Amino acid sequence: MSVNHKFKDGEAVLVRMFGTSNKWAPAIITSTIGSSTYLAKLETGETVRRSADQIRHTTPTTTVVSTTPEIPQILHYELESEKSIPSQVQLRRSERNRRPPDFLKYN
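These numbers come from a predicted model, not from an experiment. Per chain, residues are indexed from 1 in the order of the written sequence. The model is predicted, so local features are restricted to residues of pLDDT at least 70 and side-chain atom pairs to those at 80 or more, both for listing and for counting; the totals for chains, interfaces and linings are taken over all residues. To get the side-chain values, all heavy atoms of the structure are used, and hydrogens and water are removed first.

**What about the environment of glutamate 11?**
As a reminder of what qualifies: Secondary structure elements follow DSSP: runs of H or I of four or more residues count as helices, runs of E of two or more count as strands, with numbering from the N terminus. Under this definition, polar contacts are N or O atom pairs within 3.5 Å; protein pairs additionally need one hydrogen-donor-capable and one acceptor-capable atom, and for neighbouring residues in sequence, both atoms have to be side-chain atoms.
On the secondary structure map, glutamate 11 appears in the segment before β1 (12-16). For the pair glutamate 11 and alanine 40, spaced 29 residues apart in sequence, the C-alpha separation works out to 9.4 Å. Only 2.7 Å separates the side chain of glutamate 11 from the side chain of histidine 57, close enough to count as a polar contact.

Here it is as structure tokens:
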């Protein structure tokens, strides 16, 4: 599965939050710092710097028009990667024959 780590200014995304109970927070990309580093503005008005692997594309399901046009308030986000996850995933198990370790042989 290929992950697109390119984001545009003004794009609505989810950014990874550290030290809070919510792992992801809705934000708007404000600028690009480097090849894979972005500044994103949270709904609280705080600006955070995140690497591209700490940002996810989203599809807003409900949007409310904000008083500030550059920061729309998003009520609910859905990760695009969660859409394609099947409800039952069959785990793959190894079928190789395993021998006991040498240190357990007491002969």
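**Let's talk about the pairing of strand β4 (residues 47-51)**
We apply this condition: Partly exposed residues are those whose accessible area sits between 20% and 50% of the maximum for their type, while under 20% is buried and over 50% is exposed, using a 1.4 Å probe and protein chains only. In this analysis, strands are considered paired if DSSP registers two or more bridges between them.
Burial along β4 is one-sided: the face carrying Val48 and Arg50 is buried and the face carrying Thr47, Arg49 and Ser51 is not. Across five bridges, the pairing between strand β3 (residues 37-42) and β4 is antiparallel. Within β4, the residue paired with lysine 41 across the bridge is threonine 47. Here β3 hands over to β4 after four residues, with glycine 45 in that stretch at a positive phi of 100°.

**Side note on the packing of aromatic side chains**
Worth spelling out the cut-off: Only Phe, Tyr and Trp rings take part, Trp by its six-membered ring, and two of them pair if their centres are within 6.5 Å. Stacked means planes under 30 degrees apart, edge-to-face means over 60, and tilted covers everything else.
The final tally for this structure, using the stated rule, is one aromatic pair. On the basis of an interplanar angle of 90° and a centroid distance of 5.3 Å, the ring pair of phenylalanine 7 and tyrosine 38 is categorised as edge-to-face. Taken together, the residues phenylalanine 7 in the segment before β1 and tyrosine 38 in strand β3 connect sequence positions 31 residues apart. Accessibility classification places phenylalanine 7 together with tyrosine 38 in one group, the buried group.

**Looking at the pairing of β1**
Burial analysis of β1 places four of its five residues in the buried class, which makes it a mostly covered element. Looking at chain direction, β1 and strand β2 (residues 24-32) are connected through five bridges and run antiparallel. Bridge pairing in β2 places valine 15 opposite alanine 25.

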